[in-house]
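Given next are the chains, with one letter for each unit.
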Amino acid sequence: MPYSYNENDLVTGLKNDDAEAFDRLFQLYGQKLYGFAFKYLRSESEAEEMVQEVFVRLWENRSSLKSDYSFKSYLFTIALNQIRKFFNKRTSALRFMEQLHKETLSDNHTVDSIDYGSLLRRIDEIVDTFPERKKQIFLKSRKEGKTSKEIALELAISAGTVDNQVSDALRIIRETLKGESIVILLFAALFLS
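Just so it is clear, the structure is predicted and the values come from calculations on it, not from any experiment.

Undergrad: Let's hear about the pattern of salt bridges: which residues, and what values?
TA: Per the counting criterion, the structure on display carries nine salt bridges. One salt bridge in this structure joins arginine 57 and glutamate 150, with 3.0 Å as the shortest N-O distance. One end of the pair, arginine 57, is in helix H3 (residues 44-60); the other, glutamate 150, is in helix H7 (residues 148-155), with 93 residues separating them in the sequence. It is possible to trace a salt-bridge network through shared partners that takes in Glu53, Arg57 and Glu150.

Undergrad: So what's going on with the packing of helix H2 (residues 19-41) against H3? Residues and values would help.
TA: Remark: H2 packs on H3, axes separated minimally by 8 Å, with the N-to-C direction vectors making an angle of 140°. It follows from the interaxial angle that H2 and H3 lie oblique. The way H2 lies across H3 gives a crossing that is right-handed. Here H2 contributes Ala19, Phe22, Leu25, Phe26, Tyr29, Gly30, Leu33, Tyr34, Ala37, Phe38 and Leu41 to the contact with H3, which in turn contributes Glu44, Glu46, Ala47, Glu48, Met50, Val51, Val54, Phe55, Leu58 and Trp59. Of the residues that constitute the contact of H2 with H3, the class distribution is 17 nonpolar, one polar and three charged.

Undergrad: Any chance you could break down unusual backbone geometry for me, citing the residues and the numbers?
TA: Positive phi is not limited to glycine here, since aspartate 17 has a value of about 65°. The residue aspartate 17 is located in the loop between helix H1 (7-15) and H2 in this model. A relative accessible area of 48% means that aspartate 17 is categorised as partly exposed. Positive phi outside glycine occurs at alanine 156, with the angle close to 60°. Tracing the backbone through its elements, the reader meets alanine 156 in the loop between H7 and helix H8 (159-176).

Conventions we followed
- Once a new chain begins, its residue numbering starts again from 1 and follows that chain's sequence as written.
- The predicted origin of the model limits local features to residues at a pLDDT of at least 70 and limits the giving and counting of side-chain atom pairs to 80 or more, whereas totals for whole chains, interfaces and linings rest on all residues.
- To get the side-chain values, take all heavy atoms of the structure and skip hydrogens and water.
- Salt bridge criterion: a side-chain nitrogen from Lys or Arg within 4 Å of a carboxyl oxygen from Asp or Glu.
- The secondary structure listing takes helices from DSSP runs of H or I that are at least 4 residues long and strands from runs of E that are at least 2 residues long, numbered from the N terminus.
- For helices, the fitted axis covers only the stretch in contact; all axes are lines through C-alpha atoms, and the angles between them, taken along N-to-C directions, range from 0 to 180 degrees.
- Oblique is the label for any angle not under 35 degrees, not over 145, and not in the 65 to 115 range, which are roughly parallel, roughly antiparallel and roughly perpendicular in turn.
- Here a crossing is called left-handed whenever its near helix is offset anticlockwise from the far helix by less than a right angle, and right-handed whenever the offset is clockwise.
- By definition, residues are in contact when any of their heavy atoms lie within 4.5 Å.
- Residues are grouped as follows: Ala, Val, Leu, Ile, Met, Phe, Trp, Tyr, Cys and Pro are nonpolar; Asp, Glu, Lys and Arg are charged; every other residue, Gly included, is polar.
- Relative accessible area decides the class of each residue, using a 1.4 Å probe on protein chains only: under 20% of the type maximum gives buried, over 50% gives exposed, and in between gives partly exposed.

Below is the structure:
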């Protein structure tokens, strides 16, 4: 169905799974969101990635859109939440590097001597041994940065179940890595922050 650029019509079309309405909304707001994100992130690629993430979330949540709310406010709220998550991850990474530097200095190691890739692969190997549901929940929580509530809604389970699965996954990883101090530090910084 052809659309005018009337926002209400486009939102209604989007709620009804219309890809053309989605494309038109992207045309209307993509550049505005990019400019908004770039002001905070100061990186073209990160701003582009954030815009893509906002529109992915919009598509995933299209059936719950409310026509009595400002669509523009809704989009920019998603964008602000994504920017907040970005800065939380960046802060966690900086804390990790500080901790790692302190530990490696006390162990007479140098930061350059650590093979981070192999440490991350080791953690991925452990996660791959989880039952499929636990693995899915853990990855959504720790790699995608989703909240327990978001995961619960997506998988139609309770937030408590999500929390229990993540806690159990962390316990398994900690036990498996027991005794590998530098690995445990890496793990704590990446997954427990």
